[in-house]
Amino acid sequence: MPLDRIDIAILETLQKDGRIPNAALAEKVGLSQSACSRRLDNLEKSGTIRGYHARLSNAALGHQMTAIVHISLSGQFEKTLSDFEAAIKRCPNVLSCHLMSGEYDYILRIAAKDLVDYERIHKEWLSAMPHVTKINSSFALREIVDRTAMGMKPEMA
């Protein structure tokens, strides 16, 4: 679905304030409330808007450590990938998981309380994942950027 300038204004506003009331959103983007609501429905139905979330602080929840983990599997067969992906979705400490091209098959971002907790996650979860042949872990010293919003420009016709 091509986005016009009003759709982009709606998306940019929602990225900054996902709880903005429809009336305020409509006023901000220059639409009537009903037109704004229709556009919002279309953006949701098309999958452009995938959901609305509260951003939680891992540190405030006791997870002071972020690990970036590279995983290699025994192969790239469909069953190998689907077995791993089904298993990794069950690990509650995995914040994100990406299938990659290049040296490693997957990159994970994991939240842990501390090094002892990460060791537990490594033993109980990561090492027990199906088809894993190599695990390479790095630990974030400091977060520099953690965006949920991205800048958008209208498509050029």
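An unreviewed UniProt entry lists the protein under the name AsnC family transcriptional regulator, from Mesorhizobium kowhaii.

What about the pairing of strand S1 (residues 65-73)?
In terms of residue burial, S1 counts as a mostly covered element, since seven of its nine residues are buried. Direction of pairing for S1 relative to strand S4 (residues 132-139): antiparallel, over a ladder of seven bridges. Bridging across to S4, His70 finds its partner in Asn136.

Section: the packing of helix H1 (residues 5-16) against helix H2 (residues 22-29)
Packing of H1 against H2 brings their axes to within 10 Å, and their N-to-C directions diverge by 130°. Taken together, the axis directions place H1 and H2 in an arrangement best described as oblique. The crossing of H1 and H2 is right-handed. Contacts from Ile6, Ala9, Ile10, Thr13 and Leu14 in H1 reach Leu25, Lys28 and Val29 in H2. Residues belonging to the contact of H1 with H2 are distributed by class as follows: six nonpolar, one polar and one charged.

Reading guide: rules and limits
- Residues numbered from 1 in each chain as written.
- Predicted model: local features only at pLDDT ≥ 70, side-chain atom pairs only at ≥ 80, totals over all residues.
- Heavy atoms only, no water.
- Buried < 20%, exposed > 50% of the residue type's maximum accessible area, 1.4 Å probe, protein only.
- Helix = DSSP H or I, 4+ residues; strand = E, 2+ residues; numbered from the N terminus.
- Pairing = 2+ DSSP bridges.
- Axes fitted to C-alpha atoms, helices over the stretch in contact; angles between N-to-C directions.
- Parallel < 35°, antiparallel > 145°, perpendicular 65-115°, else oblique.
- Left-handed = near helix turned anticlockwise from the far one by under 90°.
- Contact = heavy atoms within 4.5 Å.
- Nonpolar A, V, L, I, M, F, W, Y, C, P; charged D, E, K, R; others polar.

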